[in-house]
Amino acid sequence: MSTRLAIIGASVRAAAQSALRAGFEVVGADLFADADLDGVCPITKIEDYPHGFVDWLAKQDVDAWMYTGALENYPDLVDQMAAIRPLWGVSGEALRRCRDPSEYGYHLFKADVPYPATIRATPGKSYKTYWPWGPALAKSYRQSNGAGVWRINNQDDYDRAVNLGMYIQDHLQEGESLSALFVADTQGATLLGLSEQLVGDSDNEFHYRGSIGPLAPSVSHAITLDNLGRCLSSSLGLRGVVGVDLIQFEQLLCVIEINPRYTASVEVIERANGVSAVAAHAACFAEGLEPGTESQPGKHVGKRILYAAEPIQVGESLAGELLELHRAGRVADVPRAGTAIGAGEPICTILVESESCSAVAEGLDALAEILLARFATRG
């Protein structure tokens, strides 16, 4: 009999498809319940995010469950649901550890993994005297997708961070944004792939927009990634798929954030290497499950999330066009006809495969231009 797996999070489409490729029976719940999951797996739209997942999970006849973003920001809720059904994922205690910069920063330092200085915003300090050695960012560690991050340019910026209980992090302005994907178990952590992150738009310079990969790490970066993997497994006690946001700063790879779950960049590595990350993830928690095998690499893959510049009402025509592009493998996360999309909200995801990362980037730009012009007609 096949294993029945529940997948929950803000968006579960990519993880659900990965689980289906690995042979699992899947049920899902997220914020969107997009049209391209119709006929693929039962999907429920959760209005009361994230607390609505509790009642939903309690009603599901499943063998286990796993989460995508951004449930890592709710460790108490994760533990509550782990008491309802078996969890394939990182539980509350380890979540708190790897989302606390003072905790995981210490372990990264011991593992010889570069990490920018990060401290809690303290009341009664001047932003200039408190952080005098360079530009800084306010970070909440309670959101995802680049939300909850801003530059500290003046005292008001700093005081806002204090009032929200945020951290202040040294801002490494120069460098490429990267994402490393690991699968961690009791024996260590294996690097599944490295990808470039597309970050920043007109509304938020830290907004996650997509990924391109895989990238080949340099020798020095490979050493850092090896040290990082051991830290994730042994020091932080993480299990399963783990994504790590990095900045390539000068010759260093610096850790920016740890996301202990199936991340948005995973499907780029999966599509490029023909691997199911959910299969590898599941093998960390259930005896007798195989982690899956990698096919011959050779292609590069990119994804880009398209956001609405202004409110859009998705009409029948636009929804139909997007579904046709989905069937051709070019578009995912397809909204249903009648969906109202607010300014700044995601419309869909575009996907491109090519022989190089640069060709993928060009393909993403070209397809994005065509679709964004179409969206401007309001569907």
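Our structure is the block above this text.
Report on the accompanying structure. Since this is a predicted model, take the numbers as computed values, not measurements.

1. Structural notes on the pattern of salt bridges
Opposite charge on two side chains makes pairing possible when the charged atoms of those side chains draw close.
Line of reasoning, step 1. Scanning the entire structure with this criterion turns up 18 salt bridges.
Line of reasoning, step 2. As a salt-bridge pair, Arg 99 and Glu 257 come within 3.4 Å of each other at their nearest N and O atoms. In this pair, Arg 99 is assigned in the loop between α4 (92–98) and α5 (101–110) and Glu 257 in strand β13 (residues 252–259), connecting sequence segments 158 residues apart. Taken individually, Arg 99 and Glu 257 each receive the classification buried, so the pair is uniform in this respect.
Line of reasoning, step 3. A salt bridge links Glu 267 to Arg 271; the shortest N-O distance between them is 3.4 Å. With Glu 267 and Arg 271 both in helix α9 (residues 266–273) and four residues apart, this pair spans about one turn of that helix.
Line of reasoning, step 4. Glu 267 gets classed as buried once you look at its relative accessible area, which sits at 3%.
Line of reasoning, step 5. Several salt bridges converge on common partners, so that one network encompasses Arg 13, Glu 267, Arg 271, Lys 303 and Asp 333.

2. Here we look at empty space enclosed by the protein
Line of reasoning, step 1. Inspection of the entire model under this criterion finds one cavity of 30 Å³ or more.
Line of reasoning, step 2. In this structure, the largest cavity encloses a volume near 40 Å³.
Line of reasoning, step 3. Looking at the largest cavity, the residues that line it are Met 66, Tyr 67, Trp 88, Gly 89, Val 90, Pro 260, Arg 261, Tyr 262 and His 281.
Line of reasoning, step 4. When its residues are assigned to classes, the lining of the largest cavity shows six nonpolar, two polar and one charged.

3. Description of the environment of Arg 21
Line of reasoning, step 1. For Arg 21, the location among the structural elements is in helix α1 (residues 13–21).
Line of reasoning, step 2. Separated by 17 residues in the primary sequence, Arg 21 and Asp 38 place their C-alpha atoms 16 Å from one another.

4. Description of helix α3 (residues 75–82)
Line of reasoning, step 1. Listed in full, the buried residues belonging to α3 are Pro 75, Leu 77, Val 78 and Met 81. What you see down the axis of α3 is that its buried residues fit within an arc of 160°, all on one side.
Line of reasoning, step 2. Contact partners of the buried residues in α3: β1 (4–8), α2 (52–58), β4 (64–67) and α4.

5. Describing the nonpolar core
Line of reasoning, step 1. In this structure, Leu 228, Leu 246 and Ile 258 are the most contacted members of the largest nonpolar core, which totals 43 residues.
Line of reasoning, step 2. Excluding its chain neighbours within four sequence positions, the residues that come into contact with Leu 246 are Glu 176, Ser 177, Leu 178, Ser 179, Ala 180, Leu 194, Leu 225, Leu 228, Leu 253, Cys 254, Val 255 and Ile 256.
Line of reasoning, step 3. Grouped together as the second largest cluster of nonpolar side chains are 25 residues, Ala 14, Ala 19, Leu 181 and Ala 286 included.

Conventions used here
- Residues numbered from 1 in each chain as written.
- Predicted model: local features only at pLDDT ≥ 70, side-chain atom pairs only at ≥ 80, totals over all residues.
- Heavy atoms only, no water.
- Salt bridge = Lys/Arg side-chain N within 4 Å of Asp/Glu carboxyl O.
- Helix = DSSP H or I, 4+ residues; strand = E, 2+ residues; numbered from the N terminus.
- Buried < 20%, exposed > 50% of the residue type's maximum accessible area, 1.4 Å probe, protein only.
- 1 Å grid on protein atoms, 1.4 Å probe; cavity = no way out; pocket = protein on both sides within 12 Å on 5 of 7 lines; lining within 4 Å.
- Points joined across faces, edges and corners; volume = space filled by probe spheres on them.
- Nonpolar A, V, L, I, M, F, W, Y, C, P; charged D, E, K, R; others polar.
- Arc of directions from axis to C-beta.
- Contact = heavy atoms within 4.5 Å.
- Core = buried A, V, L, I, M, F, W, Y, C linked by side-chain atoms within 4.5 Å.

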